[in-house]
Amino acid sequence: MCFLRFLAQARSTLGRHLAEVSPAAWAAAPVDSGRKLHLVMGNESCDLDSAVSAVTLAFVYAQRHREHDYVPILNIPRRDYPLKTEVGHLFVKCGIAEPVLLFRDDIPKEVAQDVSVILVDHHVSPMAPNVTEILDHRPLEDNSPSFKQLPAGCELDIDEAVGSCATLVAQRYLGEKQPRSAGVAQMLHATIVLDTINFALAAKRFGPKDVAMVEQLERELNLHDDQRSSLFDELVAARADISKLTLSEVLRKDMKIIQTDRQVVPLAGMPILVRDFVEKNGAEKAVREFGVESNLLVILGMYVSPVDGQVQRDLALISLSGQSHFVEHVRHALMDSKDPKLDLRPHEVDTRFMGGCLLRQHNVQATRKHILPIVKRALLEWEADHGCDCDEVYFFKEKPQLGLS
């Protein structure tokens, strides 16, 4: 079966198992108890690496293990798909239309517990008890309650040395002769090129495995390495195209949630610098909408120069409830980090936007996957020091309404 036909049939495959018309009927009598359904899910930011890893790995496994069904799921509600501009760009380029894709809100909650789950580009999930395999390149959160719920037989392929989860998928794709698909090879190749900043030495976002996989994919696609630059520029432009998005949507475009037992902190990644975002009309209103019911917001900005590919990064810490001591605690944790050293300095733009803290990040090699665990440790330390009754921090047990389903 070709790649595009596989995706076109994914919805009917899911429907056979989940009996969308009547979840109760599925609970009473699964369609085929001998045929297991495997959901291949990316992370909640649904960036290009996450989306491509999900759809390509599902296809590879579906062709190699025909006794079971593999269905890719983009881990966002369908209405947020237009925010993922680089994903939509590459998918359309490869002939994939939105209607054939499946999203988080396509899975009835009543039956989500009865499936097997494969996680790509993340390893902490509320579906942890159902997870059978993980492919990821983020630092391991083995102390997470969710991670501890993984079944004993769960297969882990976590490699922090690679710049892209798509590299780990490419290993599996290229490891056997079948299946072969120009679409799969094209998507994996493009994703690795983007995630590694086109193998820029200054960014140091790649390892030997990334290089080896891209070179093999280029041989399969009959491409030359001098074609990478134009591909990278095209994808960077698609990711940075926020011309049709509201400022609130820009904040939600590439968002992760940092959650502890007492706090929920949204972390936004933007394709522009924070210093430029805060100067836009309506920025404060957008931030308040984005962070409703959250005590702390973390906003990460990145700008890639279209001229020379140089990367700039900055970040902002904002407390909507004005908890300056809490912001200072997180700021110190980021400033004091040694592994990695973020090299944060006061921004040349002198602003106290919403009373927050704006910092320029001079170590551009450090990414969100490095910053997120630092912030989470700082939250846990604050909770341990201040307990539940602290007047300075409001704790929320429910997930805030951040435009997600």
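Heads up: the structure comes first, above all this text.
Position numbers for residues count from 1 along each chain, tracking the sequence in the order it is written. This being a predicted model, a pLDDT of at least 70 is required before a residue's local features are given, and a value of 80 or more before pairs of side-chain atoms are given or counted; all residues contribute to the totals for chains, interfaces and linings. As a rule here, side-chain values come from all non-hydrogen atoms in the structure, and water together with hydrogens is ignored.

Peer 1: Help me out: how do you make sense of the overall build of the chain in this one?
Peer 2: Across its full length, the chain holds 14 helices and 11 strands. Taking as baseline every contact in the chain between residues at least 6 positions apart, the subset at least 24 positions apart corresponds to 68%. Note on conventions: DSSP H or I runs of at least 4 residues are helices, E runs of at least 2 residues are strands, and numbering of each starts at the N terminus. Contacts were defined at the residue level, with two residues in contact if any of their heavy atoms lie within 4.5 Å.

Peer 1: What is the right way to read the packing of aromatic side chains from this model?
Peer 2: Any pair of aromatic rings gets described here by the distance separating the centres and the angle formed by the planes. Here a pair means two rings of Phe, Tyr or Trp (six-membered ring of Trp) with centres within 6.5 Å. Their orientation is stacked below 30 degrees between planes, edge-to-face above 60, and tilted elsewhere. Within the structure shown, the criterion is met by 6 aromatic pairs. Judged by centre distance (5.5 Å) and plane angle (70°), the rings of Tyr81 and Phe103 are edge-to-face. Of this pair, Tyr81 sits in the loop between strand E2 (69-73) and helix H4 (85-93) while Phe103 is found in the loop between H4 and strand E3 (116-120), placing the two residues 22 residues apart along the sequence. Residue Tyr81 is classed as buried on the basis of its relative accessible area of 7%. Considering the side-chain rings of Phe199 and Phe206, the 5.2 Å spacing of their centres and the 80° angle between planes classify their relative orientation as edge-to-face. In textbook terms, an aromatic cluster arises when at least three aromatic residues are bridged by ring pairs, as seen for Phe3, Phe6 and Phe59. Summary of the burial criterion: residues with accessible area below 20% of their type's maximum are buried, those above 50% are exposed, and those between are partly exposed, where the area comes from a 1.4 Å probe applied to protein chains only.

Peer 1: Explain the nonpolar core here, please?
Peer 2: When a protein is soluble and globular, its nonpolar side chains tend to lie buried together. The definition of a nonpolar core used throughout is a set of buried Ala, Val, Leu, Ile, Met, Phe, Trp, Tyr and Cys residues joined through side-chain atoms within 4.5 Å. By size, the foremost hydrophobic cluster in this structure holds 60 residues, and its most contacted members are Leu74, Phe91, Met187 and Leu188. The greatest single-element share of this core, amounting to 11 residues, is contributed by helix H3 (residues 48-64). Membership of the second largest hydrophobic core comes to 26 residues, among which are Ile242, Val264, Ile299 and Ala316.

Peer 1: Even after reading the chapter, I still don't get helix H6 (residues 165-175), so can you show me in this structure?
Peer 2: An α-helix turns once every 3.6 residues. As a result, residues three or four positions apart point the same way. Of all the 11 residues making up H6, 9 are buried; the element is thus mostly covered by neighbouring parts of the structure. Inspection of H6 places Cys165, Ala166, Thr167, Leu168, Val169, Ala170, Arg172, Tyr173 and Leu174 among the buried residues, and these make up the whole buried set. One side-chain oxygen of the residue at the start of H6 lies 3.1 Å from the amide nitrogen of Ala166, identifying that residue as Ser164. Counted as a polar contact is a pair of N or O atoms within 3.5 Å, where, for protein atoms, one must be capable of donating a hydrogen and the other of accepting one, and residues adjacent in sequence contribute only when both atoms are in side chains.

Peer 1: How do you make sense of the pairing of strand E9 (residues 311-318) when you look at a structure like this?
Peer 2: Side chains on a regular strand alternate between the two faces of the sheet. For E9, a buried count of 7 out of 8 residues is recorded, marking the element as mostly surrounded by other parts of the structure. The criterion for strand pairing is that DSSP finds at least two bridges linking the strands in question. As paired elements, strand E8 (residues 297-304) and E9 share 8 bridges and run antiparallel to each other. Paired with Ile299 across the bridge in E9 is Ala316. The pairing of E9 with strand E11 (residues 357-361) spans 5 bridges and is antiparallel. In the sheet register, Leu317 faces E11, and the bridge partner there is Cys357.

Peer 1: So what exactly am I meant to see when it comes to the pattern of salt bridges here?
Peer 2: Close approach of charged atoms lets side chains of opposite charge pair. Any Lys or Arg side-chain nitrogen located within 4 Å of an Asp or Glu carboxyl oxygen qualifies as a salt bridge. One pass over the structure, following the stated rule, counts 24 salt bridges. With its nearest N and O atoms 3.8 Å apart, the salt bridge here joins Arg16 to Asp69. Highlighted residues: Arg16 in helix H1 (residues 3-18) and Asp69 in strand E2, separated in sequence by 53 residues. Between Glu141 and Lys376 there is a salt bridge; the shortest N-O distance is 3.4 Å. You can see Glu141 sitting in the loop between strand E4 (131-136) and helix H5 (145-148) and its partner Lys376 sitting in helix H14 (residues 368-386), a full 235 residues away along the chain. You can call Lys376 buried: its relative accessible area is 18%. Through salt bridges with shared partners, one network takes in Arg11, Arg78, Glu98 and Asp106.

Peer 1: I would appreciate a short explanation of the sheet that holds E4 in the present structure.
Peer 2: In a beta sheet, neighbouring strands are held together by backbone hydrogen bonds and run either parallel or antiparallel to one another. The strand order E2-E1-E3-E4-E5 describes an open sheet built from 5 strands, whose pairing is parallel. A strand with exactly one partner marks an edge of an open sheet, and here the two such strands are E2 and strand E5 (155-158). Along the sheet, successive strands turn relative to each other by an average axial angle of 15°, direction set aside. As paired elements, E4 and E5 share 4 bridges and run parallel to each other. What sits directly across from Leu135, in E5, is Asp157. Lines fitted to C-alpha atoms define the axes here, with helix axes fitted over just the stretch in contact, and angles between the N-to-C directions of these axes take values from 0 to 180 degrees.

Peer 1: Looking at this model, I keep getting lost on the packing of H3 against H6. Mind explaining?
Peer 2: Axis angle and axis distance: for two packed helices, these are the angle between their axes and the distance between the axes, and together they describe the pair. Between H3 and H6, whose axes approach to 9 Å, the crossing angle comes to 15°. With respect to H6, the axis of H3 lies roughly parallel. The two elements H3 and H6 cross, and the hand of that crossing is left-handed. Of the residues in H6, those touching H3 at Asp49, Ser53, Thr56, Leu57, Val60, Tyr61 and Arg64 are Cys165, Ala166, Val169, Arg172 and Tyr173. Partitioning the contact of H3 with H6 into residue classes produces 7 nonpolar, 2 polar and 3 charged. Should an angle fall under 35 degrees it is called roughly parallel, over 145 degrees roughly antiparallel, and 65 to 115 degrees roughly perpendicular, with every other angle called oblique. Each crossing is labelled by how the near helix is turned from the far one, with a counterclockwise turn of less than a right angle marking it left-handed and a clockwise turn marking it right-handed. Each residue is assigned to one of three groups, with Ala, Val, Leu, Ile, Met, Phe, Trp, Tyr, Cys and Pro labelled nonpolar, Asp, Glu, Lys and Arg labelled charged, and all others, Gly among them, labelled polar.

Peer 1: Would you take a moment to explain the sheet that holds E11 for this structure?
Peer 2: Across the sheet, 6 strands lie side by side as E6-E7-E8-E9-E11-E10; this open sheet has mixed pairing. On the outer flanks of this sheet lie strand E6 (255-259) and strand E10 (344-346), each paired with one strand and no other. Across the sheet, the mean angle from the axis of one strand to that of its neighbour is 25°, orientation sign disregarded. Each of E6, strand E7 (264-270), E8 and E9 touches helix H12 (residues 283-290); the most contacted strand, E8, lies at about 125° to it.

Peer 1: Honestly, helix H9 (residues 228-240) in this entry has me stumped. Any pointers?
Peer 2: The span you would expect from a helix comes to 1.5 Å times its residue count less one. Given a rise of 1.5 Å per residue, 13 residues ought to cover 18 Å, and the 18 Å separating the end C-alpha atoms of H9 matches this to within 8%. Every buried residue of H9 is listed here: Arg228, Leu231, Phe232, Leu235, Val236, Ala238 and Arg239. Projected down its long axis, H9 shows its buried positions confined to an angular sector of 160°, all on one face. The secondary structure elements touched by the buried residues of H9 are H4, helix H7 (182-195), helix H8 (208-221) and E8. Think of it as the arc spanned by the lines of direction from the helix axis to the C-beta atoms.

Read these as layout, nothing more, since geometry by itself doesn't imply function.
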